[in-house]
Amino acid sequence: MAVLEVKNIRKSFGKNDVLRGISFSMEKGEVLVIIGSSGSGKTTLLRSLNFLETPDEGEIWVNGKKIFDAEPAPSPEPLEKVTGLRLGRYPDVRTAFRGKNRPESDAQLREKRLHFGMVFQNFNLFPQYTALQNITLAPRLASADVRAESAAIEAHGLELLERVGLADKVNAYPCELSGGQQQRVAIARALAMKPEILCFDEPTSALDPALTGEVLRVIRSLKSAEDGRTMIVVTHEMEFAAGVADRVIFMADGVIEEMGPPEEVFGNPKSEKTKAFLSAGTM
């Protein structure tokens, strides 16, 4: 059974169709790398999977359970009765009550986001908290009995800091860390909630070339670990992508232009757009 199934995801911003029917699936422990030019929809896809954006159409399944469906749920009452309006005169109101725009509670969104961990381009650490506090904050907030679980949460945070090579930076604040170190703390923070799928949005784009290697080594270690992580990585580091990916997706103009093993996509691309992108050597 696939750990993740994405079916016909579409997302528009005004008249700009950013995602135009994205579908793929992933097995547990698989690393999927997404490449493509700026504006191809890569980041919007990750944000949609993490429910930072709401897709206009499509479905998302995790471990055989549907966690998102843009289709409207059947209403027990006619919309005219629910709203008290004659909706024939207000078509925009009818649209607002379609399932894809129906607001969810904060609790529902939090529950869905727990399936995914997100590592952003710009770290997004809390500057007033130490490295360990940044990592343990979310588990503490999610704990039903934080007093009883505090020791275990802290122990797990320390274990994660050691895993990303920062055991000596437990009490360091973000301003005392290099960019590469901050990104490694951000990776540990994403792991702290034990997500099924870990997502990286161009994790080295804000780093100097000298610091890029240490972050990429951590990501590689997550793949080679005994509990190999299921990961989606958006990156412009082609050599890294070829080395870490089980499959590569090349996106262009909001669609999957090409998908396959890295040796095929990089070594023998079939799409002319893929060939042009790789030849240009741009992100």
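Here, every reference points to the structure presented above.
As a starting point, this report considers the structure included with it.

Rules of the game
Residues numbered from 1 in each chain as written. Predicted model: local features only at pLDDT ≥ 70, side-chain atom pairs only at ≥ 80, totals over all residues. Heavy atoms only, no water. Helix = DSSP H or I, 4+ residues; strand = E, 2+ residues; numbered from the N terminus. Pairing = 2+ DSSP bridges. Axes fitted to C-alpha atoms, helices over the stretch in contact; angles between N-to-C directions. Contact = heavy atoms within 4.5 Å. Phe/Tyr/Trp six-rings, centres within 6.5 Å; stacked < 30°, edge-to-face > 60°. Buried < 20%, exposed > 50% of the residue type's maximum accessible area, 1.4 Å probe, protein only. Parallel < 35°, antiparallel > 145°, perpendicular 65-115°, else oblique. Left-handed = near helix turned anticlockwise from the far one by under 90°. Nonpolar A, V, L, I, M, F, W, Y, C, P; charged D, E, K, R; others polar.

1. Comments concerning unusual backbone geometry
Trans is the prevailing form of peptide bonds, just as negative phi is the prevailing case for residues other than glycine. Phi is positive for Asn-124, which is not a glycine, with a value near 55°. Topologically, Asn-124 is positioned in the loop between β6 (116-119) and α5 (131-142). Phi at Asp-253 takes a positive value of approximately 55°, unusual for a residue other than glycine. Among the structural elements, Asp-253 can be located in the loop between β9 (247-252) and β10 (255-260).

2. Regarding the sheet that holds strand β1 (residues 4-13)
If you walk across this open sheet you meet the four strands as β2-β1-β4-β5, and the pairing is antiparallel. Here the strands that pair on one side only, and so sit at the sheet edges, are β2 (16-26) and β5 (65-69). Neighbour to neighbour, the strand axes of the sheet diverge by 20° on average, direction disregarded. For β1 and strand β4 (residues 57-62), the ladder comprises five bridges, and the chain directions are antiparallel. When the sheet's bridge partners are listed, Leu-4 is paired in β4 with Val-62. Against the sheet, helix α1 (residues 42-49) contacts β1, β2 and β4, and its axis sits at roughly 65° relative to β2.

3. Overview of the packing of aromatic side chains
By the definition in use, this model includes three aromatic pairs. Here the aromatic rings of Phe-51 and Phe-68 are separated by 6.1 Å at their centres, their planes lie at 55°, and the arrangement is tilted. Taken together, the residues span a long stretch of sequence, with Phe-51 in the loop between α1 and β4 and Phe-68 in strand β5 at a distance of 17 residues. Accessibility assignment for this pair places Phe-51 and Phe-68 in one class, buried. Here Phe-126 and Tyr-129 contribute two aromatic rings whose centre-to-centre distance is 5.8 Å and whose plane-to-plane angle is 65°, an arrangement assigned as edge-to-face. Judged by relative accessible area, Phe-126 falls into the partly exposed class, the value being 37%.

4. Overview of the packing of α5 against helix α7 (residues 179-192)
Closest axis-to-axis distance for the α5/α7 pair is 8 Å, and the angle between their directions is 20°. Looking at the two axes, α5 sits roughly parallel to α7. Once α5 is placed against α7, the crossing between them reads as right-handed. Seen from α5, the contacting residues are Ala-131, Asn-134, Ile-135 and Pro-139; seen from α7, they are Val-185, Ala-188, Arg-189 and Ala-192. Class assignment for the residues of the contact of α5 with α7 results in six nonpolar, one polar and one charged.

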